[in-house]
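Residue-level listing of the chains:
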Amino acid sequence: MSIRNLHRMFAPRSVAVIGPSTKPQSVGAALMRNLLQAGFGGPILPVHPMAPAIQGVLAYRDVASLPVTPDLAVIATPPEAIPQLIADLGARGTRAVVVITAGLTDDGKEAGALVGRRQQLLNAARPHLLRIVGPNCLGIAVPGIGLNATFGSAAPLPGNIAFLTQSGAMATTVLDWALPRGIGFSAIVSMGDMCDVDFGDLLDYFARDDITTAILIYAEAITQARKFMSAARRAARAKPVIVVKAGRLKEGARAAASHTGALAGADAVYEAAFRRAGMLRVHEIDELFDAAATLSRMLLQRGNRLAIVTNGGGLGVLATDRLIEEGGILATLAPETIAKLDAVLPPTWSKGNPVDIIGDAGAQRYSDAVSVLMTEPNIDGLLVTNCPTGVSTPLEAANGLVKTLSNRCPATSRLNIFASWMGDATAREGRARLVAAGIPHYDTVERAVRAFMHLVRYQQSQELLLQTPSSSVPFAAADVKAAKAIIRQVLADGREWLDPAEFAAFLQCYGVPIARTEAVTDGAEAARLAREIKRPVALKIRSRDIVHKSDVGGVVLNLVGPIEVAAAADRMISNISKALPNARLEGFVVQEMVMRPGSYELIAGITTDPTFGPVILFGHGGTAVEVVRDKSLELPPLDTALAKRQIERTRIASLLAGYRDRPPVHIEELVEVLIKLGQIAADHSEITELDINPLLCDQAGVIALDGRMRVHAASTTAQSRMAIRPYPQSLEATVSTSDGGCYFVRPIRPEDEPALRQMATGMGTNELWHEFFSPLRDDTRRSAARLSQIDYDREMTLVAWHGDTLIGIARMTADPDLEKAECAVLVRDWSYSLARELMRLLLEAAAIQGIRQVVSVLPTNHAALSTLFKDVGFSLEAHEADPSHSLATRETEQPHP
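Peer 1: Mind laying out the environment of Phe-40, listing which residues take part and the relevant values?
Peer 2: Looking at the element boundaries, Phe-40 is found in the loop between α2 (27–37) and β2 (44–47). The contacts of Phe-40, once residues within four sequence positions are left out, are Pro-12, Arg-13, Ser-14, Val-15, Leu-35, Ile-145, Gly-146 and Leu-147.

Spelled out as C-alpha cells, the structure:
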C-alpha cells in the first residue's frame, strides 16, 4: 500500500478513542484530554466498556454502539484485544487507525497462537484497506485542523513542517523544543514499529500536501527500500526533505535495530541513499529545524562562496573556520569592491574578507558595507554578524541592515543574507528587529555558516538529480549469457567463491580490462603457459578451500620463464599441503604480471546491504585499503554523472586529476568500470560480494590485476533486490509503421535531455498539448532534464528514434498505489501510425508494471488525438471540470500470473 486512505488519517471528520482511561495519569486519559483541548471540529467518540462518560463526553460500550462511523480510530487498549478491534472497525467502515499500544510482536509464543499479534492486526486490516500507524507510538497530530491524537505533554503549533519520526520520545522532545521557538507543524507522525504505514507512504502523502513546505524525518531504520527511494526522490523534487538518521556508529546502529525491530544497514549506505534521493542529511535536532527554516524561506543558492561582515575580528575567524570545515569557500573580493569599501569604511578595516568594519560600527557603516558587498559578483552568500560593544548598540546595527535590505534592487535581491547577532541580554532587541523584518537570524556564527552550507548542499543534491550524463555504456557490450553460465557452474560445484580464472572470465564478459589469467591443472602446464606468455607471471594456488591465498604462501609474483614457474609450483604444493592438509588443491592460476609504473591502485566493487541491496564501492585500493579507508558508495544503477561524482567524493580523486609532473588519469575508462559494475548488479542476483583490487589506473586507462567474487543461490530476481529500478532494457523494440516508417523505441534515459530540447524546437503550444510536455516550452536544460530523469518504478517515457533523431514521446506517470496512470503522446510532424505504435507499447508497459487504469485529458479541439485514443481502446467522455477537454479512460490487460 501507499497513500490509499491516508486522507482519513490526516483529515478525518470524526475520531473514535478506544481505550480512554478514567485514571488521570494514564496514557488513555492524556490522549483523550489532548483531543478535547486541541479544538477538533468533528465528533470525538470515546469507547469504554464500563464508563458512561470520559472527561465529560458520552462514551460508548463498543465499536458497534458508535452513532457514526469514525474516519479515524485511536487505540490504547491491551494488545490482545487489538486485532479484533481492527476487524470490527474495518467492517464498520473506518479506514484509518493509530495504535498507541506496545507489545504487538510477531512472536506467536507470547500469544499462544500460530500467528503473532502484529500479523493478526495486518490480517484484520487488509480486507478493508484500513491503514495503521504504529503500533508502539506516541500518536499523530495535525494542528491546522485541531487534531492532537497523542499523549504528549505539549500541544504543537500549526505551521508548514511535517515531522515524521520513528521515536515517540523524539516526538515529545521536539514538540517541547519547538514551542518556545514558535516553530509550527502541518503534521507530526510518531510511526512506532511501522507495521503498515512507513516512511515511503508518508513521503508520498506529504509531498502532495499543499500546506507542507518541508518534510523532516527522524529515522532509525528504513523498510521497503525501493518504495522509500521512489517516494523520497519524488518528494525531494517537490520540497526540502531533511533527515536525521540515528545509529551512525555501530553501537548506535545496534541500539536502533533493537529499538525498532528493523534491520539497519551500514550508515555509509544510508548516506548514499539519502544523497541519491536528493534529501539533505543533518546530524542534530537543532540542525534539522535550522535547515528546514533556511530551506523553506531562502532563495536558490548559486554557489559556496561566502562573504562575511563583522564588527569583531574574532567572529570573522570563527565563521571562516566553520566555513572551511563545512566545505565552503571564503569569497575573494574584486579590486573594485575593495576600492568601494575603502571609500566608506575607516582606514583600519581588514582590507579583505572577512570584512571587519571595526568595533565602533553603527547603522550607517553596516549599511554602507552591506550595500557594497551586495554588488560583488564573486560571492554567493553574505553573512552579517554583530557583537555587543559600548559604542554602538546591536539594535542600531540591526536597523542599518534592515534599512539596506528593504531597499534592495532586483539585481541584488537574489543574494541570500544570513545574520548572527551574538550575545544575549544586549543583543535581544537587535535580534527581535531582524526577526520582525524577516531576516534569517542564527544565535551563533557557526550556526549561520552551517545554514549557508545547508543551502549549498541542498542545491548540489538537486543539481545532481538533474545533471545530464555525457553518454551511456552500451548494453550490448555485455555477454550476460556467458556470465550467468560461469555463476551456474560455481554454484553447481557447491562453491561460493570464483577462482581467479573464473573471475577474470566473468569480468571479460562485461568488457572490464583484466590481466591475462588462466587456470591450469599442474606445474608442468603452468610452465608451458609461462613460456607462451613470454612475460613475468604470477602463480596462485587454485583451491575452493583457500580464500586468502597469500596468507598461506599461495601467491608468488614476478616469476620469469618456465623453470622458475615449475619450481615455484612444486614448493607451493609442498608448503600448502603441510599447512592445510585437508585443503583440496585443484591446480594453479597463472596471471600475466602488469607493469604500469606510476599508476594508482584503486578498488571498485559491489557489496550487498541488508536494507538497500547492491551498492557500488569505489576508493583507494591496494593492500592497505582497510587502513586508508578512502571510499565512496553509490546505489546502482549508475550513469556517467553519478559515477564521476562518486569518484570526486574520495580523497584520491585529487591525485587522479593530476599534479606536478603527474598527468591526469583516463577518467572515462574508470567511469565506465563503475557503470558496468552497476549493470553487473542488475544482471545477477546471485552476487553478494565483488572486489576488484587493485584496479590500476593511469593516463593509458584501467586494468584489473586481482579480485574476488562471492555468489549464492538467489530467491529473487537481480532487479527486484535493487533499491532503484534499473533501465528496463526489455521494453526496447524496433517498430515498423503502416506508413512505411521504421523506428527504434526504448525507455528514456537521462542523456536524452539534449535531444528532447532539440525535438521541441519550433513546436507550438498546440503540439505540446499536455502538461507533461510543458517543461519543453521553457527551452532550458533543467526543464528538459526533469522529463529525461524518471523513476522507472512509477513512470515510463518511451522515446522513438529515426536514426539519430528523436521523433516521438509517449509518457505516463502513476499514482503511488499503481492504480491509475495518466498518459500523453507527442510526435514531431504528426505521424498517426507512429503515435499509435507508441501508445500500444506504453499500454503494454503499464500492464507489466501492474497499473490497472490509464487515463488522459484531451483537448476537444485536437481531433486527431481523440481518434488515436479511441483507436487504442480508450473510451471518451466529457470532462466534468473543464468542458474544453475530454477524459479518455482505458483498463489495462493484466498479464496472467
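From this point, the narrative continues.
Peer 1: Summarise the sheet that holds strand β7 (residues 131–133); cite the residues concerned and give the values.
Peer 2: The 5 strands are arranged β2-β1-β5-β6-β7 in an open sheet whose pairing can be described as parallel. Both outer strands of the open sheet, β2 and β7, are each paired with one neighbouring strand and no more. The sheet shows a mean angle of 20° between the axes of neighbouring strands, taken without regard to direction. Pairing analysis gives 4 bridges linking strand β5 (residues 72–75) to strand β6 (residues 96–99), with the strands arranged parallel. Residue pairing in the sheet places Leu-72 in a bridge with Ala-96 of β6. Contacts from helix α3 (residues 82–92) reach β1 (15–18), β5, β6 and β7, with the element oriented near 170° to β5.

Peer 1: Requested: an account of the layout of surface pockets, with residues and values cited.
Peer 2: One number sums up the size of the second largest pocket: a volume of about 960 Å³. If you go around the second largest pocket, you meet 25 residues; those closest to its centre are Glu-271, Arg-275, Arg-457, Ser-632 and Arg-649. Counting only elements with at least two residues in the lining of the second largest pocket, the list comes to α10 (267–277), β14 (280–282), α17 (445–465), β26 (631–634) and α23 (640–648). Examining the composition of the lining of the second largest pocket, we find that 6 residues originate from one element, α17, more than from any other.

Peer 1: Break down the sheet that holds β14 for me, citing the residues and quoting the values.
Peer 2: Within the open sheet, the 7 strands sit side by side as β9-β8-β11-β10-β12-β13-β14. Their pairing is mixed. Edge strands, defined here as strands with exactly one partner in the open sheet, are β9 (147–150) and β14. Across the sheet, the mean angle separating the axes of adjacent strands is 25° when strand polarity is ignored. Sheet analysis places strand β8 (residues 139–142) next to β9, joined by 4 bridges and oriented antiparallel. Across the sheet, residue Gly-139 finds its bridge partner in β9, namely Thr-150. Along the sheet, helix α11 (residues 285–297) makes contact with β10 (157–165), β11 (184–190), β12 (214–219), β13 (241–245) and β14, crossing β13 at roughly 170°.

Peer 1: Help me get a handle on helix α21 (residues 561–579), residues and values and all.
Peer 2: Owing to its 3.6 residues per turn, the α-helix brings residues three or four apart onto one side. The terminal C-alpha atoms of α21, which comprises 19 residues, lie 27 Å apart, in line with the 27 Å expected from a rise of 1.5 Å per residue. Among the residues making up α21, those that are buried are Val-565, Ala-568, Ala-569, Met-572 and Ile-576. With its buried residues spanning 110° around the axis, α21 presents them on a single face. When the buried face of α21 is taken as reference, the exposed residues oriented beyond 90 degrees from it are Ile-563, Asp-570 and Lys-578. Where α21 is buried, its residues contact α20 (523–533), β21 (537–541), β22 (555–559) and β23 (588–592).

Here is what the cut-offs are and how they apply
- Residues numbered from 1 in each chain as written.
- Predicted model: local features only at pLDDT ≥ 70, side-chain atom pairs only at ≥ 80, totals over all residues.
- Heavy atoms only, no water.
- Helix = DSSP H or I, 4+ residues; strand = E, 2+ residues; numbered from the N terminus.
- Contact = heavy atoms within 4.5 Å.
- Pairing = 2+ DSSP bridges.
- Axes fitted to C-alpha atoms, helices over the stretch in contact; angles between N-to-C directions.
- 1 Å grid on protein atoms, 1.4 Å probe; cavity = no way out; pocket = protein on both sides within 12 Å on 5 of 7 lines; lining within 4 Å.
- Points joined across faces, edges and corners; volume = space filled by probe spheres on them.
- Expected span 1.5 Å × (residues − 1).
- Buried < 20%, exposed > 50% of the residue type's maximum accessible area, 1.4 Å probe, protein only.
- Arc of directions from axis to C-beta.

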